[in-house]
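# Residue-level structural notes
Chain by chain, the residues:
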Amino acid sequence: MFGAIPLLIVPFVLYNLGLLGIFGGGDDPWATEIFSVHMMSGGVFSMTLGDLMVLIGLIFFFAEMVKSTRTTNASIMDHLLSTFVFVAFLVEFLLVKGAAHSVFFTLMVIALIDVLAGFAVSMRSASRDINLN
């Protein structure tokens, strides 16, 4: 049953926790610098909390793509729940002031691609399961 839970709910929940002030206060918690590294080129690489959120979303997106290759009954429920997660992203983006941010928009697009790619992969793998004699 836990295999059907869409993993992109994790960045959704983390973003909302950030809106509540768990990751620090201020007007834009996503601009908070986590670390910076001085490169050999002389440039400075810095990672913000928003960058980390997008990275977490991409990691969970990869795991969702691996899950979508399954051809079990749970995969149908997984696709349905992934669609609900995308709808939750979309509704929050349209209605919540704190969600009008590029980080949230990027996470929402990742959720949309998860839904579209999940259905495309499932249809493609289902067509290979049909045996014609």
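Placed above this text is the structure.
These figures come from a predicted structure and were not determined experimentally.

## Here's the deal with the side chain of Glu92
- Counting through the fold element by element, Glu92 comes out in helix H3 (residues 73-95).
- Although Glu92 is buried, it forms no salt bridge, and the closest oppositely charged side chain is Lys97 at an N-O distance of 14 Å.
- At a separation of 3.2 Å, a polar atom in the side chain of Glu92 contacts the side chain of Asn16.

## Quick notes on the pattern of salt bridges
- Inspection of the entire model under this criterion finds two salt bridges.
- Two residues, Lys67 and Glu64, come together in a salt bridge whose shortest N-O distance is 3.2 Å. Of this pair, Lys67 and Glu64 both sit in helix H2 (residues 49-67), separated by three residues, roughly a single helical turn.
- On the basis of relative accessible area, Lys67 is assigned to the buried category, the value being 15%.

## Here we look at the pairing of strand E2 (residues 44-48)
- With five bridges joining them, strand E1 (residues 33-38) and E2 adopt antiparallel strand pairing. Bridge pairing in E2 places Phe35 opposite Met47.
- Count of turn residues in the E1/E2 antiparallel hairpin: five residues, of which Gly42 carries a positive phi of about 100 degrees.

## A closer look at the nonpolar core
- Residues Tyr15, Phe89, Val103 and Leu107 are the most contacted members of the largest nonpolar core, which totals 21 residues.
- For this core, the secondary-structure elements that each account for two or more residues are helix H1 (9-19), H2, H3 and helix H4 (102-129).
- Per element, the largest residue contribution to this core is eight residues, and it comes from H4.
- If we skip the residues at most four places from it in the chain, Val103 touches Tyr15, Trp30, Gly50, Met53 and Val54.

Analysis parameters
Residues numbered from 1 in each chain as written. Predicted model: local features only at pLDDT ≥ 70, side-chain atom pairs only at ≥ 80, totals over all residues. Heavy atoms only, no water. Helix = DSSP H or I, 4+ residues; strand = E, 2+ residues; numbered from the N terminus. Buried < 20%, exposed > 50% of the residue type's maximum accessible area, 1.4 Å probe, protein only. Lys, Arg positive; Asp, Glu negative; His and termini not counted. Salt bridge = Lys/Arg side-chain N within 4 Å of Asp/Glu carboxyl O. Polar contact = N/O pair within 3.5 Å; in protein donor to acceptor, adjacent residues only side chain to side chain. Pairing = 2+ DSSP bridges. Core = buried A, V, L, I, M, F, W, Y, C linked by side-chain atoms within 4.5 Å. Contact = heavy atoms within 4.5 Å.

Limitation: the analysis is restricted to geometry and does not speak to function.
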